[in-house]
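Listed here are the chains, written in short residue letters.
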Amino acid sequence: MSSATDGHRPYHLGMVLNRELRLSRRAVLLAAGGLLVGCSQQPEADKVHLRLATGPAGAVYRRIGGALAEHISEHVPGATMVTVPSGASTDNIRMLRAGEVHLGLTSLDALITADGSAPEGLSAICRLYDSHLHLVVMAGSAIDEFGDLKGKRISLGARDSGTEFTSLRVLELGPVNADGLYLSQAESAAALRDGEIDAMFSLTGVPTPAITELAQRHPIRLIPLDAQADALFTAFPGPYTPAMIPATAYAGVPATRTVAVPNVLLVRNDLLDDLVYAITDTIFTHTGTITSASRDDAEAVPEAWQINVRTGISTASIPLHPGAAAWFRDHKR
């Protein structure tokens, strides 16, 4: 499933809120209930054009962001959503705060500020799925444990990504001094394959496309990060939990202990409550559609399997947007 990308010039949200986000309360409520038909005949003034910040090439954010944009465009009449490629988590937060996008994906640890609050002007629609921190080396590498990274060339992920944020925390807690480079997931996998780096970090869903493709063509190993998971959990309570990358994730790679971080769908606070209600309804009402496609297509969106109402409300100290909170109240189970 490919994502829809937007080739138009970026705009500032403040310039378009009144013009593009003035969706009538009646239209949105009917859309949320699936009662509005003939949306192609809606006046242009009632249409909503949304931008969703995703991530770099080879990342799960690109894949799941594309799936969300497609389903929201299809099931919220009067609304269209396009995806905007980015560096990932911290880049998406920056674009949201700058008004360049309306929604964005981010890892929870990159989002929570030092005092445990969300960045001003932003809130959550829901928790989507958990990312796992991968530390990947080629099978013949001399790196056997985390401490062996000292002095080695490693990819810290793309700049402004969740991978960069979390891997720098892990190295600082080590402490381990390494030669860090900033490469996207696809670039990291290619550099590792070609011997240009010794290891790569990747904070992403399981499995992730760039690592899957590398493992299918070349033997790789994952370095255990259980001690690092404990250190993160102790130093930064809240966004981290110990986790396991299963043996079924990548060809020839055994189960490996690591750390998991939840991912949330962020939204600007100035989006209308009814619009966010309709988006939330679409995400949870049509999750089954995305999941069914994923089970039939290994290249689709397996992370969608984790999206459910029970965990969707769990956004830690990040408040839900009022529209999302209203949807969860109306759908208590």
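We now turn to the structure provided with this report. Treat the numbers as computed from the prediction; the structure is a model and nothing was measured. (Residues numbered from 1 in each chain as written. Predicted model: local features only at pLDDT ≥ 70, side-chain atom pairs only at ≥ 80, totals over all residues. Heavy atoms only, no water.)

This paragraph deals with the overall build of the protein chain. Helix and strand content of the protein chain: 13 helices and ten strands. Split into buried and exposed, the 333 residues of the protein chain put 55% on the buried side. Taking contacts inside the protein chain between residues at least 6 apart in sequence as the whole, the part at least 24 apart equals 77%. When the accessible area of the protein chain is evaluated, it comes to approximately 14,300 Å², of which 52% is carbon and sulfur surface. (Helix = DSSP H or I, 4+ residues; strand = E, 2+ residues; numbered from the N terminus. Buried < 20%, exposed > 50% of the residue type's maximum accessible area, 1.4 Å probe, protein only. Contact = heavy atoms within 4.5 Å. Areas by Shrake-Rupley, 256 points an atom, 1.4 Å probe, with all protein chains shown as cover.)

Let's shift gears to helix α8 (residues 209-217). All of the buried residues along α8 are P209, A210, I211, T212, L214 and A215. Buried-residue contacts for α8 involve α3 (60-75), β4 (122-138), α7 (185-193), β7 (199-204) and β8 (220-222).

In this fold, H71 is placed in helix α3. For H71, the side chain forms a polar contact with the main-chain oxygen of A67, separated by 3.0 Å. (Polar contact = N/O pair within 3.5 Å; in protein donor to acceptor, adjacent residues only side chain to side chain.)

With that out of the way, let us pick up the pattern of salt bridges. Pairs can form between side chains of opposite charge once their charged atoms are near each other. Scanning the model with the defined rule gives seven salt bridges in all. With a shortest N-O distance of 3.1 Å, R153 and D198 are connected by a salt bridge. Of the two residues, R153 sits in strand β5 (residues 153-155) while D198 sits in the loop between α7 and β7, which places them 45 residues apart along the sequence. For D194, the salt bridge goes to R193, with nearest N and O atoms at 2.9 Å. Judged by relative accessible area, D194 falls into the partly exposed class, the value being 45%. Take R193: its relative accessible area is 43%, and that puts it in the partly exposed class. Bridged by salt links that share partners, the residues D91, R94 and E100 form one connected network. (Salt bridge = Lys/Arg side-chain N within 4 Å of Asp/Glu carboxyl O.)

With 36 residues, the main nonpolar core has L135, F146, L149, L171, F201, L266 and I318 as its most contacted residues. The set of elements that each furnish at least two residues to this core consists of α4 (89-98), α5 (108-111), β4, α6 (162-173), β7, α9 (226-235) and β10 (256-268). Per-element tally for this core: the top contributor is β4, with five residues. Non-local contacts of L135, meaning those with residues more than four positions away in its chain, are made with F146, L149, A199, M200, F201, R221, L222, I223 and L225. Formed by 35 residues, the second largest nonpolar core is a distinct cluster that contains L50, Y61, L105 and A326. (Core = buried A, V, L, I, M, F, W, Y, C linked by side-chain atoms within 4.5 Å.)

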